Every structure is written in structure tokens, then in C-alpha cells.
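Inside the fold
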Amino acid sequence: MMSLVSSNIILPTITVAISTIAENMDRFLNNFPFESLLDADEVLIIIQDTLDHKPMELPSKYIIIEDNGKGVSRSRNLGLSYAKYDYIWFMDDDIQLNNDAIITAKNYILKYNADIFTVRMQNFDSDAPYKNYPNKHLLGRRDIINISTVEIIASREFILDSKVRFNESLGLGTKYPSCEENIFLLDLLDIGAEIIHVPEYVQKHPLVNRRRMHFTDPNILFAKGVFCNRYSGFMGIVLLFLWMCKSLICGASFKDAINLVYGYNSADNILNNV
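Structural notes, computed from the coordinates. Please read all numbers here as calculations on a predicted model, not as lab measurements.

Quick look at the nonpolar core now. Counting residues in each nonpolar core, the largest one holds 49 residues, and the members touching the most others are Ile116, Ile144, Leu185, Leu188, Val226 and Phe227. Among residues more than four places away in sequence, those in contact with Ile116 are Ile152, Ile153, Ala154, Ile159, Leu185, Leu188, Glu194, Ile195 and Ile196. Core analysis: the next-biggest nonpolar cluster, separate from the first, contains 35 residues, Phe32, Leu37, Val119 and Val202 among them.

Okay, structure coming up:
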């Protein structure tokens, strides 16, 4: 489906798929900038833990999907199965989209027509870059290590045809809350996906001490070990060693840091449970 914006230009269409849980709904409804979704063609709000959820009244392009399962990867996969439009932008309930974010994304999609686009994010309070972003147009395997799911805009048709999905054993809401988006992108690269980086800051996120949390939490380290195995080859081993050193520098005990190795050795069981 395409959206007509003038007699000469037809922009691609975008589904925004927002993952949330029932206990966050009041904060989400009060704080999310819904005016930034005016240019979206469809908005999916996927609510997990919905046993106590109260019904909401929203415009017709807002579709509520209630799911009593758990895990953000499961939520992303549900978004893929329900989305109807050209591209899907994976979103969380604590993101602040710029008002021109979606039209900016549509213009880049129109220009490059790639399988996957990644965008940039700022800290909510300071407007500083949320992380170090690649100064590259076309991304490869090394470039996707630091990408977050909310920075991914994917061709719905390409993803569905590829049969690649987020691994539901990984990601927030699961025992191993990390690396699901990186493995997702690796799987897509390995079947020939073109990933283009958009050098535009189009959204904001509350600042999180990612360095400490991501390198001291034993379950996140386990997930990173799984990713190193999936990355495979010599570079997978190098990455495992570098992350082991980084975890110890960040204050992890050796007992916690060794979870990287446990994850690496257990990867086959995790990766086969998509």
C-alpha cells in the first residue's frame, strides 16, 4: 500500500508497532507524543500482561493487540504478523518521536528503497546522541552490533518473505534480555538484506547507563555470548574476548563475566528456539 501525497509523489507507507505492557499504559497514554504519529498509516499498540487492562478509545488507524504472553521479541513478531503496510517501525512505549520523524523516514525509503533502514536517537534530557552512530551509508556485520530495535525500520514484505523473526528466547521480558535485534539483523544480512543508515536524529530515549548494565548483568552477558557464537568465526571469538575484558573493567565479577562463555557454548539451543 502506498500513500499519495501529491499528484507527482507517492510515499511508501509505514506501520508503527509500539510494544508495551498493561502496567505501563497510564504512563504511555500520558507521555507518548501521539501527534508525532499523524503521518503513520497504521499504529499497532501491542499490550502484554493484559489480564487487568482497561479498554481504550483511539482513532481507527490505532489497532490494539492484546497478548498474554511475555517478551519484547514476541511483541515484535506479533507486530510483523499484524502489520499491513510497506514498512514497519518497531517502537517502545518510552520513545519520544520527533513530529517529522515518520515523514523523514518515508522520504529516505522513497529515495533508497532498501530492505532495512536504521535511524539515530538522542538522549531525552540533553539532546546529545544516545550512542556513537556509524558514519556509513550502507551497513555491514560489524555495524549492526550497536543497533537498538527502536532504530530499525524494516520492509514488511522482505521480512515476511525471508521468514526471519526475532528470537523469543532473547530480549526484554525474557531470562536473557539482550541482543535479539542484533541477531535479527545478522540473520537478514546473511540472506542478502541491504541495510542503510539514515544520519538523522528522529527520536529520543531516556538516558540509561547502558555500559554498566550491559556488561555486569549475568543474563545480558549470557545473551551477548549467544550473539558472539551467532557472529561466528574468528571475529566472534575476538568479540567474546573483548566483551569479557570490558565486563571485568566495568566491575563484573569473574563468576558473572564467565556467562559470556556459557552463552557462547549454549547458543545452539537458544538460536534454534525462534
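Before going further, it helps to spend a moment on the side chain of Glu42. Following the sequence through the fold, Glu42 ends up in strand β4 (residues 42–48). Residue class for Glu42 comes out buried when judged on its relative accessible area of 3%. At 2.6 Å, the side chain of Glu42 and the side chain of Thr15 are in polar contact. Look past the residues within four positions of Glu42 in its chain and what remains in contact with it is Ile14, Thr15, Val16, Lys61, Ile63, Tyr82, Ala83, Lys84 and Tyr85.

What follows concerns the packing of aromatic side chains. Enumeration according to the criterion identifies 14 aromatic pairs in this entry. Judged by centre distance (5.2 Å) and plane angle (85°), the ring pair of Phe90 and Phe166 falls under edge-to-face. Taken together, the positions of Phe90 in strand β6 (residues 87–92) and Phe166 in the loop between α4 (156–162) and α5 (180–189) put the pair 76 residues apart, joining distant regions of the chain. Phe90 gets classed as buried once you look at its relative accessible area, which sits at 0%. In this structure Phe166 comes out as buried when scored by relative accessible area, which is 0%. Three or more aromatic residues joined by ring pairs make a cluster, and in this case those are Phe28, Phe32, Phe34 and Tyr62. The ring centre of Tyr231 lies 4.8 Å from the NZ or CZ of Arg141, which sits over that ring. If you follow Lys224 out to its NZ or CZ, it ends over the ring of Phe215, 4.8 Å from the centre.

If you trace the backbone, Asp39 turns up in the loop between α1 (25–31) and β4. Separated by 19 residues in sequence, Asp39 and Leu58 place their C-alpha atoms 16 Å apart. Non-local contacts of Asp39, meaning those with residues more than four positions away in its chain, are made with Lys61, Asn99, Ile102, Ile103 and Lys106.

On to the packing of α5 against helix α7 (residues 218–231). Two elements in contact, α5 and α7, have axes separated by 10 Å at closest approach and are oriented at 10°. On the basis of their axis angle, the class for α5 and α7 is roughly parallel. Of α7, the residues touching α5 (which contributes Asn182, Ile183, Leu186 and Asp187) are Val226, Phe227, Arg230 and Tyr231. Of the residues in the contact of α5 with α7, the class split is five nonpolar, one polar and two charged.

All right, on to α5 then. Within α5, nine of the 10 residues are buried, which leaves the element mostly enclosed by the surrounding structure. Here α5 has its buried residues at Glu180, Glu181, Asn182, Ile183, Phe184, Leu185, Leu186, Leu188 and Leu189.

Attention shifts here to α7. Since one α-helical turn is 3.6 residues long, residues separated by three or four positions face the same way. Between its terminal C-alpha atoms α7 stretches 20 Å, which fits the 20 Å expected from 14 residues at 1.5 Å a residue. Of the positions making up α7, those classed as buried are Ile220, Leu221, Phe222, Ala223, Lys224, Gly225, Val226, Phe227, Cys228, Arg230 and Tyr231. Capping the start of α7, Asp217 holds a side-chain oxygen 2.8 Å from the backbone nitrogen of Asn219, two or three residues further along.

On to the sheet that holds strand β5 (residues 62–67). Pairing between the strands of a sheet is mediated by backbone hydrogen bonds and can be parallel or antiparallel. The strand order β5-β4-β3-β6-β9-β8-β10-β7 describes an open sheet built from eight strands, whose pairing is mixed. With partners counted over all chains shown, the strands left at the sheet margins are β5 and β7 (96–97), one partner each. Its contacts with the sheet place helix α2 (residues 72–82) against β3 (14–21), β4, β5 and β6, and it is angled at close to 145° to β4. Packed onto the sheet, helix α3 (residues 101–112) meets β3, β6, β7, β8 (116–123), β9 (152–155) and β10 (195–205) and runs at close to 180° relative to β10.

Considering all chains together, one arrives at 12 salt bridges under this definition. Notably, a salt bridge pairs Arg27 with Asp93, separated by 3.5 Å at the nearest N-O pair. Of this pair, Arg27 sits in helix α1 while Asp93 sits in the loop between β6 and β7, and the two are 66 residues apart along the sequence. Among the residues examined, Asp93 registers a relative accessible area of 10% and is labelled buried. Residues participating in the shared-partner salt-bridge network are Arg141, Asp187, Asp190 and Arg230.

Criteria and cut-off values
- Residues numbered from 1 in each chain as written.
- Predicted model: local features only at pLDDT ≥ 70, side-chain atom pairs only at ≥ 80, totals over all residues.
- Heavy atoms only, no water.
- Core = buried A, V, L, I, M, F, W, Y, C linked by side-chain atoms within 4.5 Å.
- Buried < 20%, exposed > 50% of the residue type's maximum accessible area, 1.4 Å probe, protein only.
- Contact = heavy atoms within 4.5 Å.
- Helix = DSSP H or I, 4+ residues; strand = E, 2+ residues; numbered from the N terminus.
- Polar contact = N/O pair within 3.5 Å; in protein donor to acceptor, adjacent residues only side chain to side chain.
- Phe/Tyr/Trp six-rings, centres within 6.5 Å; stacked < 30°, edge-to-face > 60°.
- Lys NZ or Arg CZ within 6 Å of the ring centre and 35° of its normal.
- Axes fitted to C-alpha atoms, helices over the stretch in contact; angles between N-to-C directions.
- Parallel < 35°, antiparallel > 145°, perpendicular 65-115°, else oblique.
- Nonpolar A, V, L, I, M, F, W, Y, C, P; charged D, E, K, R; others polar.
- Expected span 1.5 Å × (residues − 1).
- Pairing = 2+ DSSP bridges.
- Salt bridge = Lys/Arg side-chain N within 4 Å of Asp/Glu carboxyl O.

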